[in-house]
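# Coordinates in review
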Amino acid sequence: MVTNLFALSAVAALSIVSQPEGMATPPLWPASGIALGLGVCFPRRYLWLLAPAVALMALPVLLWAGRPMSLSLALAAAFAIEMAVGTLLLRGRRDRVPRFATPRDLVLFFGIAFVSASLYGALAFGAFSVFGDHASAVESLQTALLKHAAGIALLTPMYIAPPLRNQQAGVGETVGIAVTALAVTAAVFTVGPAPLEYLPFLPLVWAALRLSTWMLSLLMVGVASISANGSIFGMGPLSFDLWGISTGTVLMQVYQMSMVAVFLTLSIVVGSERDMSARLHESEELFRKSFNSSVAGKLMGVRTTDQWIVERANPSARALLPGLQDGIRRLDTLMGRDAVSQLSSAADSLVGDNARMVVQLDDGRSLNISFAVIGETPDGTQFVVHFHDVTESERLRQLELEEMNRAAEVQRALLPGELPETPGWSFGTSNSPAKQIGGDFYDVRVHQPSIVLSLGDVMGKGMDAGMLAAATRTALRSNDPGMTPSAVVTRAAGILEGDLRRISAFVTLAYVQVDIDSGDFRFADAGHGLHYVVRTRSGRIERLSSDDMPVGLGDRWRELSGRLAPGDMILLVSDGVLDLWGGSLEGLENAIAQCANGTGTGPQEAVDYLCANAGELLDGDDVTAVALRRAG
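Being a predicted model, the structure only gives us computed values, none of them experimental.

### So, the pairing of strand E7 (residues 440-447)
With six of eight residues buried, E7 lies mostly within the body of the structure. Here E7 runs beside strand E8 (residues 450-458); their pairing, made up of eight bridges, is antiparallel. By the bridge assignment, Arg445 is partnered in E8 with Val452.

Take a look at the structure:
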């Protein structure tokens, strides 16, 4: 900050020294560029310090130039206001250092330079007019805009962060460019008035193409300094002696503004193009490495009206499709007609830009394929295909599916087949596993003088739950139907205890024993709680439950009892049925009442009604129900 303030004062003094006789103000004012550059280097909160410091450094120079104290104070204040307004506009709302990354940034910069310089010109005109120096006021109004704008255009870019690009020229080339540009400029502006003022632009083109923006700005400052001194001292095509002071001043300022505008724009455009080219090259290199090093097979090509042609393949693709190594490029020859037919069908019905499928090749292998459309070309649709061999995993999946289907068949075979004919009694059953194998089970046994109903729900779903369900059913069936329900559950729990503990599982269970002749029943409830008695004559729905724990968690189950009058029905359901009716006991009981009160509703009709929507719930549970009704 201190260094730049002293540089500002020194540059202002040089401008006063180079002021030709007959001019009230200097023809150049590079100090504006240093002041604004200083402003954009610091956050806006420093303006309260920087603006007065700029005015303070300019004040001695103005006094040295012979200005009265009051006028010098006014001009120094105008100089500080110019710097403050330009800083606020360049740093913007986000208060950050501006950048020259696009031509739009440069247009914005020049616009702000002209606004700031115009503001200074208006303030200086007012100051000279107030103090009665009307000639200086008019001259200031004529020249202040261009000389301050030219100073900002020349020096402020050196303070603004340039585009992030490397300088192309080495040290030797940089020195060569600088020497050539400065030498040509010196030659043009130290000879007679030959119209060669734009000859220095030729080496500046070289500089714009090869140097960084910062180095280019520094070189243009040198060119501007040589051209300005030559013109002021009567040399070169823009000589003040040739054109007159006023016209020569304007021509020199326009010359410098043109130089900065043209070559900063060229530098930024070249830098943007070079940066874009580097990014494209980097992206292409990254794609090439990714494409070739992928463990999955990758193909790129074109789909014409009647075939798929491979244009590019990575090593993994050549290993999976050996025909690629022999120069084969038709995909139907490499994969087989059926596989490519599947690809074509998927491409024709594509939703979005990509699809995934498993296809089988002519040699029996299975490939998991994903392909995407890249775009259209004159030859057809460009595509990319990714694939890997899933032959073994497909075989394993098929074996697992076959095992699951077999296990499901076995589980269905373990369910009671045709229900026994029992005079005076009718049955209803329903079982819908959430998966191929379910964790629910039920059983119906008739052994004079009793009917035994049981329904259980193993924690979980799938193969594990199905195996436990089969084991629990077998443990229950291993007991004499004449044994009391509590004894049966206790003995079954003893058989299953070790297995359940090892896998941290449990089973909820309802076991009911009904006397065929009297309708008396006894039941044990192992944490199930979803068994009901429907009283036909009164229409009441009685829920029978206990506080006993499930099998695997408890060790004692008490026995409850009741009687089924003629027409009454006992109903056992799993919690999957509860979920079908909203997951609440009230909703389930209302459904039971609705179906039980229907005219002529039998037990099978009742369970069919309660389980009608099994399988519709997302990630639903197994749905099972058993009903037994005494004839009325």
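### Focus on the sheet that holds strand E3 (residues 354-360)
Read across the sheet, five strands follow the order E2-E1-E5-E4-E3 without closing on themselves; strand pairing throughout is antiparallel. Every other strand in the sheet has two partners, leaving strand E2 (308-313) and E3 as the edge strands with one partner each. In this sheet, neighbouring strand axes are inclined to one another by 30° on average, regardless of whether the strands run parallel or antiparallel. Here strand E1 (residues 297-303) runs beside strand E5 (residues 380-389); their pairing, made up of seven bridges, is antiparallel. Paired with Arg303 across the strands is Thr381, a residue of E5.

### What about the UniProt feature "transmembrane region" (unreviewed entry) in the chain?
Residues annotated by UniProt as "transmembrane region" (unreviewed entry) correspond here to residues 45-64, 71-90, 106-132, 144-162, 174-199, 211-233 and 253-271. Between the end C-alpha atoms of residues 106-132 the distance is 39 Å, and the span holds 93% helix and 0% strand.

### Topic: the packing of helix H8 (residues 201-210) against helix H9 (residues 213-232)
Geometry of a packed helix pair, given as the angle between the helix axes and the separation of the axes. Interaxial distance between H8 and H9 falls to 10 Å at its minimum, and their mutual angle equals 165°. Taken together, H8 and H9 sit at an angle that is classed as roughly antiparallel. By crossing handedness, the relation of H8 to H9 is classed as right-handed. Facing H8, whose interface residues are Leu204, Ala207 and Ala208, H9 presents Leu216, Leu219, Met220 and Val223. Across the contact of H8 with H9, the residue classes break down as seven nonpolar, no polar and no charged.

### Here's the deal with the pattern of salt bridges
Taken as a whole and assessed by the stated rule, the structure comprises 16 salt bridges. For Arg303, the salt bridge is made with Asp348, and the minimal N-O distance between the two is 3.1 Å. With a gap of 45 residues between them, Arg303 in strand E1 and Asp348 in helix H14 (residues 337-348) connect regions that are remote in the sequence. The salt bridge partner of Glu542 is Arg535, with a shortest N-O separation of 3.2 Å. The same class applies to Glu542 as to Arg535, namely buried. Three or more residues are tied together by salt bridges with common partners; here these are Arg535, Arg540, Glu542 and Asp568.

### Some details on H14
For H14, with 12 residues, the first-to-last C-alpha span of 16 Å sits near the 16 Å given by 1.5 Å per residue. Turning to H14, its buried residues number three or more, namely Ala339, Val340, Leu343, Ser344, Ala346 and Ala347. Down the axis of H14, the sector holding all buried residues measures 165°, keeping them to one side. Residues of H14 that are exposed and point over 90 degrees away from its buried face: Arg337, Asp338 and Asp348. Those residues of H14 that are buried are in contact with E1, E2, helix H13 (331-335), E3 and strand E4 (366-377).

### Quick notes on a nonpolar patch on the surface
Together, Met1, Tyr46, Trp48 and Leu49 make up a nonpolar patch on the protein surface, roughly 410 Å² of accessible area in all. Within the element layout of this structure, Trp48 appears in helix H3 (residues 47-64). Of the residues examined, Trp48 reaches a relative accessible area of 66% and is grouped as exposed.

### Side note on the nonpolar core
Counting 75 residues, the largest nonpolar core has Phe79, Met220 and Met259 as the members making the most contacts within it. Built from parts of two domains, this core gets at least three residues from each of domain 1 (1-161) and domain 2 (165-292). When near neighbours in sequence (up to four residues on either side) are disregarded, Met259 contacts Leu154, Phe201, Leu204, Met220, Val223 and Ala224. Membership of the second largest hydrophobic core comes to 26 residues, among which are Trp308, Leu331, Leu343 and Phe387.

### Observations concerning the side chain of Ser227
Along the polypeptide, Ser227 turns up in helix H9. Judged by relative accessible area, which is 1%, Ser227 ranks as buried. Within the structure, the side chain of Ser227 is placed 3.0 Å from the backbone oxygen of Ala224, a separation counted as a polar contact. Residues within four places of Ser227 in sequence aside, it is in contact with Thr185, Phe189, Tyr255 and Gln256.

### Digging into H9
Taking 1.5 Å as the rise per residue, H9 with 20 residues should run 28 Å; its terminal C-alpha atoms sit 28 Å apart, in good agreement. Once H9 finishes, Gly234 follows within two positions and takes phi at roughly 85°, a positive value.

### Overview of the side chain of Ser267
Here Ser267 shows up in helix H11 (residues 245-293). Of the residues examined, Ser267 reaches a relative accessible area of 0% and is grouped as buried. At a separation of 3.3 Å, a polar atom in the side chain of Ser267 contacts the side chain of Thr213.

### A look at the packing of aromatic side chains
Enumeration according to the criterion identifies 12 aromatic pairs in this entry. Taken together, a centroid distance of 5.9 Å and an interplanar angle of 80° make the contact between Trp29 and Phe79 edge-to-face. Pair noted here: Trp29 is in the loop between helix H1 (2-17) and helix H2 (31-40) and Phe79 is in helix H4 (residues 69-91), with a separation of 50 residues, a long-range link. One aromatic cluster is present, formed by Phe189, Tyr198, Phe201, Tyr255 and Phe263 through successive ring pairs.

### A word on the sheet that holds strand E10 (residues 520-526)
With antiparallel pairing, five strands are arranged side by side in an open sheet as E7-E8-E9-E10-E13. Two strands in the sheet have a free side with no partner beyond their single neighbour: E7 and strand E13 (559-563). Each neighbouring strand pair of the sheet contributes to a mean axis angle of 15°, computed without reference to strand direction. Here five bridges tie E10 to E13, and the two strands are oriented antiparallel to one another. Counted as the bridge partner of Ala524 is Glu559 from E13.

Reading the values: rules and limits
- Residues numbered from 1 in each chain as written.
- Predicted model: local features only at pLDDT ≥ 70, side-chain atom pairs only at ≥ 80, totals over all residues.
- Heavy atoms only, no water.
- Buried < 20%, exposed > 50% of the residue type's maximum accessible area, 1.4 Å probe, protein only.
- Helix = DSSP H or I, 4+ residues; strand = E, 2+ residues; numbered from the N terminus.
- Pairing = 2+ DSSP bridges.
- Axes fitted to C-alpha atoms, helices over the stretch in contact; angles between N-to-C directions.
- UniProt positions renumbered as here; feature names shortened; annotations may be inferred.
- Parallel < 35°, antiparallel > 145°, perpendicular 65-115°, else oblique.
- Left-handed = near helix turned anticlockwise from the far one by under 90°.
- Contact = heavy atoms within 4.5 Å.
- Nonpolar A, V, L, I, M, F, W, Y, C, P; charged D, E, K, R; others polar.
- Salt bridge = Lys/Arg side-chain N within 4 Å of Asp/Glu carboxyl O.
- Expected span 1.5 Å × (residues − 1).
- Arc of directions from axis to C-beta.
- Patch = residues over 30% accessible without salt bridge, like charges linked within 9 Å, V, L, I, M, F, W, Y side chains within 5 Å.
- Areas by Shrake-Rupley, 256 points an atom, 1.4 Å probe, with all protein chains shown as cover.
- Core = buried A, V, L, I, M, F, W, Y, C linked by side-chain atoms within 4.5 Å.
- Domains from an automatic or database assignment.
- Polar contact = N/O pair within 3.5 Å; in protein donor to acceptor, adjacent residues only side chain to side chain.
- Phe/Tyr/Trp six-rings, centres within 6.5 Å; stacked < 30°, edge-to-face > 60°.

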